[in-house]
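# Coordinates in review
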Amino acid sequence: MGRGDPPLSPFKQHGPLSQYCLLMERTTVLITGCSSGIGLGLAVRLAANPTRRFKVCNAGVGLMGPLETCSDQAMKTVFDVNFFGAIRTIQAFLPAMKRRRAGRIIISSSIGGLQGLPFNSVYCASKFALEGLCESLAIVLQPFNIHLTLVECGPVNTSFLDNLQRPDPDGSELQGLDAETRDLYHRYLQHCESLFHDAAQEVEEVLQVFLEAIDTPCPPLRCVTTQLFAPLLRLRLASPDGSAYVRAMHNFVFGHGEASGDQP
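Bear in mind the structure is a predicted one, so any value in this text is a computation, not a measurement. In this convention, every chain numbers its residues from 1, walking through the sequence in written order. Only residues with pLDDT of at least 70 get local features here, since the model is predicted, and only at 80 or more are side-chain atom pairs given and counted; chain-wide, interface and lining totals rely on the full set of residues. Heavy atoms from the whole structure form the basis of all side-chain values; hydrogens and water molecules are not counted.

### So, the pairing of strand E5 (residues 146-153)
Three labels apply to residues, based on accessible area from a 1.4 Å probe with only protein chains included: buried if under 20% of the type maximum, exposed if over 50%, partly exposed otherwise in between. The helix count covers DSSP runs of H or I at least four residues long, the strand count covers runs of E at least two residues long, and both are numbered beginning at the N terminus. Of all eight residues making up E5, eight are buried, and the element is well covered by its neighbours. Burial along E5 is two-sided: the face carrying Ile-146, Leu-148, Leu-150 and Glu-152 and the face carrying His-147, Thr-149, Val-151 and Cys-153 are both buried. Note on handedness: a crossover is taken as right-handed if, strands pointing away from the viewer, the path from the first strand over the helix to the second is clockwise. Where the polypeptide runs from strand E4 (residues 103-110) across helix H3 (residues 121-141) and back to E5, its parallel neighbour, the crossover connection is right-handed. We treat two strands as partners when DSSP finds at least two bridges between them. Judged from the three bridges that link them, E5 and strand E6 (residues 222-224) form a sheet pairing that is parallel. Bridged to Leu-150 within E6 is Arg-222.

Next comes the structure, spelled out in C-alpha cells:
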C-alpha cells in the first residue's frame, strides 16, 4: 500500500483522542484534549448531534529530543497527562459503566505506542504503557459489554508537533552532548519535517476512524489510521528479538537506502 492510499478499515470485519481519550455511553461523550486538532474536530462533529451531552478535560503532551536533555519534571508531565490522566478518566466512569453493563472507551493512542521512534523515547514509553493498560483492561471488561478501542494515529496535520517540548537544535541544551548525537538529532528533525510535509494525514481523515469506532456495535481493540508504518510494524512482529526492526527504523530515518525491502 502506498503513502497516498487510505487506511484499511478494521470495522468492515467487525460490523456496522495532541493526546485524546473519549468515553461514550448512550447520551454522554467525554473528550479530553479538544482545544485543537483531532479533539476539536471530533467535538464539533459530535456536537452536531443534539441527543448527546458533553464533558471536556485537558489534552495530551509530547516530548522530543535526546534522552539526556529530558528533565525529570518534563518526563513526569508526559506520563501524568498521557498515562495517568487516561487512568483517572477511566476510573471516574468505569463503575457506572459496569453497573449498566454497557459502555464504550475510545483512547487516542499513537504509532509510538506500537513501535519505538528515535528521539521520542519518553513519549513512546507513555504510549506503550497506555497500550498495555488498555489491552489488559479490555480483557476484564469483555463480560461487562464495555468496548475499549485504541486509535493509533501517525503524523497528522495539527499543532501537536509545534506544541511539544523539544530542545532547540542550536540551543544551549545540546551543547553538552556528543557531536554524533547532535548530528543525529538534526537529521531526525529534518526527517520529521519531510514526513509531515509528504505523508501527514488531514484531521478529517483521522476523524472518520474515530467516528466509525463510536458508531460500530463491536469495535476492535486497535485500529491504525495510516498504513505508512505498516512494513516496519510487520517487521517488528516478524523479528521478535527486535534487531531487524532497530536496523530498519534507523535506515528509514537516518539512512539513504531501504532495509530488506521493509522501508515504507
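After that view, the rundown keeps rolling.
### Considerations on the nonpolar core
With 29 residues, the main nonpolar core has Met-64, Phe-119, Tyr-188, Phe-229, Leu-232, Met-249 and Phe-252 as its most contacted residues. Put simply, the parts of the chain that give this core at least two residues each are H3, helix H4 (160-163), helix H5 (179-199), helix H7 (230-238) and helix H8 (243-254). Among buried residues, those of type Ala, Val, Leu, Ile, Met, Phe, Trp, Tyr and Cys that are joined through side-chain atoms within 4.5 Å constitute a nonpolar core.

### Examining H8
A turn of α-helix holds 3.6 residues, and therefore any two residues three or four places apart point the same way. Taking 1.5 Å of rise per residue, the twelve residues of H8 would be expected to cover 16 Å, and the 16 Å separating its terminal C-alpha atoms lies within 8% of that figure. Three or more residues of H8 are buried, namely Ala-244, Tyr-245, Ala-248, Met-249, Phe-252, Val-253 and Phe-254. Given a helix with a known number of residues, its expected span is that number minus one, times 1.5 Å.

### Digging into the environment of Thr-149
Relative to the helices and strands, Thr-149 is located in strand E5. On the accessibility criterion, Thr-149 (0% relative accessible area) is buried. For the pair Thr-149 and Pro-220, spaced 71 residues apart in the sequence, the C-alpha separation amounts to 6.1 Å.

### So, the environment of Phe-84
Relative to the helices and strands, Phe-84 is located in helix H2 (residues 72-100). Of the residues examined, Phe-84 reaches a relative accessible area of 41% and is grouped as partly exposed. Phe-84 sits 45 residues away from Ala-129 along the chain, and the two C-alpha atoms are 9.8 Å apart.

### Digging into the pairing of E4
In terms of burial, E4 is a largely internal element, eight of the eight residues being buried. Side chains Gly-103, Ile-105, Ile-107 and Ser-109 of E4 all project onto a buried face; the interleaved residues Arg-104, Ile-106, Ser-108 and Ser-110 project onto the opposite face, where all are buried too. Where E4 meets E5, eight bridges bridge the pair, whose relative direction is parallel. Within E5, the position partnered with Ile-105 by the bridge is Leu-148.

### Section: the side chain of Arg-104
Considering the arrangement of structural elements, one finds Arg-104 in strand E4. Polar side-chain contacts of Arg-104 include one of 2.6 Å to the backbone oxygen of Thr-216. Counted as a polar contact is a pair of N or O atoms within 3.5 Å, where, for protein atoms, one must be capable of donating a hydrogen and the other of accepting one, and residues adjacent in sequence contribute only when both atoms are in side chains.

### So, the pattern of salt bridges
A pair is scored as a salt bridge if a Lys or Arg side-chain nitrogen falls within 4 Å of a carboxyl oxygen belonging to Asp or Glu. Here the structure, examined in full by the defined rule, presents five salt bridges. A salt bridge links Glu-135 to Arg-222; the shortest N-O distance between them is 2.8 Å. Of this pair, Glu-135 sits in helix H3 while Arg-222 sits in strand E6, and the two are 87 residues apart along the sequence. Judged by relative accessible area, Arg-222 falls into the partly exposed class, the value being 30%.

### A short note on the packing of aromatic side chains
Aromatic ring pairs are defined here through the distance separating the ring centres and the angle between the ring planes. For Phe, Tyr and Trp, where Trp contributes only its six-membered ring, two rings pair if their centres lie within 6.5 Å, and the inter-plane angle classes them as stacked under 30 degrees, edge-to-face over 60, or tilted in between. Tallying each qualifying case throughout the model produces six aromatic pairs. Geometrically, the ring pair formed by Phe-119 and Tyr-185 is edge-to-face, given 5.3 Å between the ring centres and 65° between the ring planes. Separated by 66 residues along the polypeptide, Phe-119 in the loop between E4 and H3 and Tyr-185 in helix H5 bring together distant segments of the chain. For the pair Phe-119 and Tyr-185, a shared accessibility class is recorded, and that class is buried. Consider the rings of Phe-229 and Phe-252, whose centres lie 6.1 Å apart with planes at 85°: the pair is edge-to-face.

### Remarks on unusual backbone geometry
Positioned with a positive phi, Arg-101 is a non-glycine residue whose angle comes to about 55°. Counting through the fold element by element, Arg-101 comes out in the loop between H2 and E4. For Arg-101, a relative accessible area of 46% corresponds to the partly exposed category.

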